[in-house]
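Observations on chain architecture
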Amino acid sequence: KRFNLIGETLDLMGVGRNQLVVAGTETPPFGVFAEKIDDEALDALYNSSKFTFLLSATEGQGCTAIEAAIAGSFPILASDNPMAYELGLEEFVADPNPQSVARKINEIEGNGKYYASILTGLRDGFIKKYSVQAVAEQVISRYDNFIVPF
């Protein structure tokens, strides 16, 4: 989870560690622990967060990154996690050290319109690709390809 990386980044930026909210199953050493929360609360959390830290090297971050982007929260991903590149989130990648993560956050904040336009494009693409209707159409298409006429 790299909680220490996040904590050191917040320290470097002069942001209190208590401002971090962590949702999940692992209790962080600092910040507010939201544990497992329902979809409505998670949506509210994404919508109230400027950044979503996804700095794990080993965990897949696909759904979380997509959900964050759709809600308008800038995902910050570690460069050693291939998921960032698979989803087209290269603009939101930082090396896994506090200086790089802080630089990326400052870069996004300093170029808000540019990064917001990238995030909007990604969000629109994710909504189109992962909507309930789009997923249902993909399932039906795959199912139809497996049906063999007698």
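Structural data are supplied above this passage.
Thresholds, definitions, all that
- Residues numbered from 1 in each chain as written.
- Predicted model: local features only at pLDDT ≥ 70, side-chain atom pairs only at ≥ 80, totals over all residues.
- Heavy atoms only, no water.
- Helix = DSSP H or I, 4+ residues; strand = E, 2+ residues; numbered from the N terminus.
- Contact = heavy atoms within 4.5 Å.
- Polar contact = N/O pair within 3.5 Å; in protein donor to acceptor, adjacent residues only side chain to side chain.
- Patch = residues over 30% accessible without salt bridge, like charges linked within 9 Å, V, L, I, M, F, W, Y side chains within 5 Å.
- Areas by Shrake-Rupley, 256 points an atom, 1.4 Å probe, with all protein chains shown as cover.
- Salt bridge = Lys/Arg side-chain N within 4 Å of Asp/Glu carboxyl O.
- Buried < 20%, exposed > 50% of the residue type's maximum accessible area, 1.4 Å probe, protein only.
- Lys, Arg positive; Asp, Glu negative; His and termini not counted.
- Charge placed at Lys NZ, Arg CZ, Asp CG, Glu CD.
- Phe/Tyr/Trp six-rings, centres within 6.5 Å; stacked < 30°, edge-to-face > 60°.
- Core = buried A, V, L, I, M, F, W, Y, C linked by side-chain atoms within 4.5 Å.

1. A word on the side chain of T9
By secondary structure assignment, the location of T9 is in helix 1 (residues 3–13). In this structure T9 touches P98, V101, A102 and I105, once residues within four positions along its chain are discounted.

2. A word on the side chain of S100
Relative to the elements of secondary structure, S100 occurs in helix 5 (residues 98–110). Within polar-contact distance, the side chain of S100 engages the backbone nitrogen of D95 at 2.8 Å. Not counting residues within four places of it along the chain, the set of residues in contact with S100 comprises A94 and D95.

3. Here's the deal with a nonpolar patch on the surface
Residues Y130, V135 and V139 make up a contiguous nonpolar surface patch of roughly 250 Å² in combined accessible area. Within the secondary structure, V135 sits in helix 7 (residues 132–146). V135 gets classed as partly exposed once you look at its relative accessible area, which sits at 34%.

4. What about the pattern of salt bridges?
Scanning all chains against the criterion turns up five salt bridges. We note a salt bridge from K50 to E109, for which the minimum N-O separation is 3.4 Å. Of this pair, K50 sits in the loop between helix 2 (39–47) and strand 3 (51–54) while E109 sits in helix 5, and the two are 59 residues apart along the sequence. A salt bridge links D124 to R123; the nearest nitrogen and oxygen atoms lie 3.3 Å apart. Look at D124 and you get partly exposed, because its relative accessible area is 42%.

5. Re a negative patch on the surface
Negative charge collects at one region of the surface, where D38, D39, E40, D43 and E67 lie side by side. In terms of residues, the negative patch owes the most to one element, helix 2, which gives three residues. The topology assignment puts D39 in helix 2. Given the relative accessible area of 67%, D39 is considered exposed.

6. Quick word on the packing of aromatic side chains
Applying the stated criterion to the full structure yields five aromatic pairs. Plain terms: the ring middles of F51 and F74 are 5.9 Å apart, the flat faces sit at 40 degrees to each other, and that makes the pair tilted. Here F74 lies in strand 4 (residues 74–78) and F51 lies in strand 3, a separation of 23 residues in the sequence. Looking at F74, the relative accessible area reads 10%, which means it is buried. Aromatic pair Y114 and Y115: ring centres 5.0 Å apart, planes at 80 degrees, arrangement edge-to-face. A network of ring pairs unites the aromatic residues F51, F74, F92, Y114 and Y115 as a single cluster.

7. Considering the nonpolar core
Residues L89 and F92 are the most contacted members of the largest nonpolar core, which totals 32 residues. Element by element, the count of residues in this core is highest for helix 6 (residues 112–130), at five residues. Non-local contacts of L89, meaning those with residues more than four positions away in its chain, are made with A65, P75, L77, A84, L122 and F126.

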